[in-house]
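# Summary of the model geometry
The primary structure of each chain is shown beneath.
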Amino acid sequence: MLDIQGVSASYGKVQVLYDLNITAAAGEITCVLGRNGAGKSTLMRVIMGLLPTTSGAINLNDTCVSILPPHDTPKHRIALVPQGRRLFPELTVGENIEVGLMARSFKGKKRLEMREKVLELFPRLRERLKQQAGTLSGGEQQMLATARALAIDPAVLLLDEPGEGLQPSVVEQIQDVIRTMRAQGLAVVLVEQRVDAILSLADKAVFIENGRNLETLTQAELAADPGVIRRNLGV
Ligand SMILES: Nc1ncnc2c1ncn2[C@@H]1O[C@H](COP(=O)(O)OP(=O)(O)O)[C@@H](O)[C@H]1O
Ligand SMILES: [Mg+2]
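As the structure is a prediction and not an experimental result, all values here were calculated from the model. (Residues numbered from 1 in each chain as written. Chains lettered and ligands numbered in written order. Predicted model: local features only at pLDDT ≥ 70, side-chain atom pairs only at ≥ 80, totals over all residues. Heavy atoms only, no water.)

### Some thoughts on the layout of surface pockets
In this structure, the largest pocket encloses a volume near 570 Å³. Those elements giving two or more residues to the lining of the largest pocket turn out to be α1 (40-47), β6 (78-81), α2 (93-103) and α5 (138-150). Within the lining of the largest pocket, the residues separate by chemical class into 15 nonpolar, four polar and four charged. (1 Å grid on protein atoms, 1.4 Å probe; cavity = no way out; pocket = protein on both sides within 12 Å on 5 of 7 lines; lining within 4 Å. Points joined across faces, edges and corners; volume = space filled by probe spheres on them. Helix = DSSP H or I, 4+ residues; strand = E, 2+ residues; numbered from the N terminus. Nonpolar A, V, L, I, M, F, W, Y, C, P; charged D, E, K, R; others polar.)

### A few points about the sheet that holds strand β4 (residues 55-60)
One open sheet holds the four strands; their spatial order is β2-β1-β4-β5, and the pairing between them is antiparallel. The open sheet has two edge strands, β2 (14-24) and β5 (63-64), and neither has a second partner. Bridge count between β4 and β5: two bridges; the pairing is antiparallel. Bridged to L60 within β5 is T63. Seen against the sheet, α1 touches β1 (2-11), β2 and β4 and runs at an angle of roughly 110° to β1. (Pairing = 2+ DSSP bridges. Contact = heavy atoms within 4.5 Å. Axes fitted to C-alpha atoms, helices over the stretch in contact; angles between N-to-C directions.)

### Remarks on the sheet that holds β6
One open sheet holds the six strands; their spatial order is β6-β7-β8-β3-β9-β10, and the pairing between them is mixed. What marks the edges here is a single partner per strand, and that holds for β6 and β10 (212-218). Sheet twist, expressed as the average angle between the axes of neighbouring strands with direction ignored, equals 20°. Strand direction decides the pairing type here: strand β3 (residues 28-33) and strand β9 (residues 204-209), joined by four bridges, are parallel. Looking at the pairing, C31 lines up with A205 of β9. Where α1 meets the sheet, its contacts fall on β3, β6, β7 (156-160), β8 (187-191) and β9, and the angle it forms with β7 comes to roughly 150°. Its contacts with the sheet place α5 against β6 and β7, and it is angled at close to 170° to β6.

### A word on the coordination of the magnesium ion (ligand 2)
Around the magnesium ion (ligand 2), the protein contributes the donor atoms S41 (OG) and Q83 (OE1), at 2.1 to 2.3 Å from the metal centre. You can see S41 sitting in helix α1 and its partner Q83 sitting in the loop between β6 and α2, a full 42 residues away along the chain. Residue class for S41 comes out buried when judged on its relative accessible area of 16%. Overall, Q83 belongs to the partly exposed group, its relative accessible area being 28%. (Donors = N, O, S within 2.8 Å, 3.2 Å for Na, K, Ca; no water. Buried < 20%, exposed > 50% of the residue type's maximum accessible area, 1.4 Å probe, protein only.)

### Here's the deal with the pattern of salt bridges
One pass over the full model with this rule turns up 12 salt bridges. A salt bridge links E113 to K109; the nearest nitrogen and oxygen atoms lie 3.9 Å apart. One end of the pair is E113 and the other is K109, both in helix α3 (residues 108-121) and four residues apart, which spans about a single turn. For E113, a relative accessible area of 43% translates into the label partly exposed. In this structure, R124 and E140 form a salt bridge, with 2.9 Å as the shortest nitrogen-oxygen distance. Here R124, found in helix α4 (residues 123-127), pairs with E140, found in helix α5; they are 16 residues apart in sequence, far enough to count as distant. When salt bridges with common partners are traced through the structure, they connect R77, K110 and D153 into a single cluster. (Salt bridge = Lys/Arg side-chain N within 4 Å of Asp/Glu carboxyl O.)

### Re the pairing of β2
Where β1 meets β2, seven bridges bridge the pair, whose relative direction is antiparallel. When the bridges of β2 are listed, L2 appears paired with A24. A loop of two residues connects β1 with β2, the two strands running antiparallel in sequence, and G12 in this loop sits at a positive phi of about 60°.

### Comments concerning unusual backbone geometry
Unusually for a residue other than glycine, D19 sits at a positive phi of about 50°. When you line up the elements, D19 lands in strand β2. A positive phi angle, close to 50°, is found at R86, a residue other than glycine. Within the fold, R86 resides in the loop between β6 and α2. Of the residues examined, R86 reaches a relative accessible area of 62% and is grouped as exposed.

Take a look at the structure:
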């Protein structure tokens, strides 16, 4: 269980997150929703240790991870598929996956096993192992960003608007992988804006507004009143 307790964070003097409380259980998809600028991507950065908390704590199964340097986050099995993908465009597909494997220092048999596991999820990437990442289609790049994150064998998978700008067929493939990860017991934290995706994936929806908790709803509550999504997002 990932437990975000009273977390605040700032860029310099500008505070962006205020006393946020969110839990994400293993084997569940926790959707984080909010308007543009609400602080969703900032929250992802804070969980990854890329931006320090100014107060509060983040615990993963009773280990405090909010005091770790960023390069230690993967060792605690937390992985992020960042908004906009952030691949190394000059590196090949295989090398980008290697970046994930190296973050956990996987070697020998374990390294080959993990590499095989992610390539089985994305056969398309296997066909393109030697191709430069920057030359892939948007959908393939999103698959690669997801594969790179899964290569660390995460217990917590964070995805920041993975469907942005992609064709429905690719969005569906990514959603299938997200469901598979849930079934394998990962705690999935999904930043998502599309109402249909939220309704079909979320076990829980956490709405944030101006960096603060607005409300948290279960899947049953969402299903009973889907309009709450649009009302809370102001769309
Ligand atoms: N690197 C940064 N430096 C200063 N302010 C930032 C930076 N990144 C984001 N912000 C600000 O923090 C707020 C939250 O941004 P962000 O977390 O990207 O929101 P969201 O992902 O919900 O759209 C916004 O007001 C944004 O302008
Ligand atoms: Mg964002």
